[in-house]
Amino acid sequence: MDIAAVTIIIQLIFLEGILSIDNAAVLGAMVAHLPNDRPIPWTPVLRFLTAWSQRVLGYQREAALKVGLLGAYVGRGLMLALASVIIHVPWLRAIGAAYLVYLAFHHFAELYHAHRAEAGHDPIPRARGGFWSTVLAIELADLAFSIDNVIAAVALSDAFWVVMTGVAIGILVMRFAATIFTRMIAWEPALQTGAFLLLLAIGAELLAEEMWHVHIEEMTQFVISASILILTVVVARTPLRVPVALAARPLIWLSAMIQLRIEATTAAMTGSFRRKEQPTE
């Protein structure tokens, strides 16, 4: 291994560290609602894996991050193998960005329904996603993040093993950072909403780059991400939280309307598909 390869790997680790601040914050927020004292809910057929999974993966919150870590390695490896294709297919980045924006809107829509349930307008509050739905959301979010990260990594080197080494170490750093962020959410619950604000900003940045070719440097992205999280804590712990909460109501209401429209469209498509599948007499 020559000095040039070592230098590139160090740069890749640094780059992944900067870009993964966003990933870690979002992953930590996505698993924060999972119990930290219950095993993975396997189906009856796979229930014999409960003892093994609890010993190896831990309880649900920790297990979701570990399964997400494995998926991140597989996803990044796949993205690296297809990097040359991804670079020349811009709509893939647009789809990834749109999914990140959707996750943010979904979170704010859940806040809207939770507030309505507390006020007595919704008799039954919506349940948060279970373990497996959370794991699936983590994997899809990481794939969306991977598109941008891999393109940045490939720009530093065209040697696959060099890029993969740097990216692999960066993912490991992200895993520990996500664990730390879940503990920070326990200290300040508002950070969970801050992480989804961060997700909304990331998706908007990616869409702006694809649609209007507005490129934001990695260090600028890092400053924006850190500023959002810091301001979230400041607002939550000062009298500013009242006017900010009032100003955020239109965003929360809009998110709820978008979520209801998506659910209605999905239900209509599913119903139409099932009708087509039914045999005619």
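About the thresholds
Residues numbered from 1 in each chain as written. Predicted model: local features only at pLDDT ≥ 70, side-chain atom pairs only at ≥ 80, totals over all residues. Heavy atoms only, no water. Salt bridge = Lys/Arg side-chain N within 4 Å of Asp/Glu carboxyl O. Helix = DSSP H or I, 4+ residues; strand = E, 2+ residues; numbered from the N terminus. Buried < 20%, exposed > 50% of the residue type's maximum accessible area, 1.4 Å probe, protein only. Core = buried A, V, L, I, M, F, W, Y, C linked by side-chain atoms within 4.5 Å. Contact = heavy atoms within 4.5 Å. pLDDT = per-residue confidence, 0-100.

**Examining the pattern of salt bridges**
If you walk through the whole model with that rule in mind, you get two salt bridges. Lysine 66 serves as the salt-bridge partner of glutamate 62, at 3.1 Å between the closest nitrogen and oxygen. Of this pair, glutamate 62 and lysine 66 both sit in helix α3 (residues 60-81), four residues apart, which is roughly one turn of the helix. Taking relative accessible area as the criterion, glutamate 62 reaches 35% and is therefore assigned partly exposed. By relative accessible area, lysine 66 is classed as partly exposed at 24%. A salt bridge links arginine 237 to glutamate 188; the shortest N-O distance between them is 2.7 Å. Placement of the pair is arginine 237 in the loop between α9 (218-236) and α10 (241-277) and glutamate 188 in the loop between α7 (160-187) and α8 (190-212), with a sequence separation of 49 residues. The exposure class of glutamate 188 is buried, given its relative accessible area of 9%.

**As for the nonpolar core**
Soluble globular proteins: nonpolar side chains tend toward being buried together. Of all hydrophobic cores here, the largest spans 45 residues; its most connected members are Met30, Ala64, Leu100, Phe131, Phe181 and Leu199. Residue assignment for this core shows that the elements contributing at least two residues are α1 (3-31), α3, α5 (90-118), α6 (131-154), α7, α8 and α9. Here the element with the most residues in this core is α8; it accounts for nine residues. If sequence neighbours within four positions are ignored, phenylalanine 131 has contacts with Leu34, Ile40, Pro41, Gln60, Ala63 and Ala64.

**Some points on the confidence of the model for the chain**
Across the chain, the average pLDDT comes to 77, with 74% of residues at or above 70. Of all the helices and strands in the chain, helix α4 (residues 83-87) carries the lowest mean pLDDT, 67, while helix α2 (residues 50-56) carries the highest, 89.

**Some remarks on unusual backbone geometry**
For histidine 213, which is not glycine, the phi torsion reads 60° and is therefore positive. Tracing the backbone shows histidine 213 in the loop between α8 and α9. Given a relative accessible area of 68%, histidine 213 falls into the exposed group.

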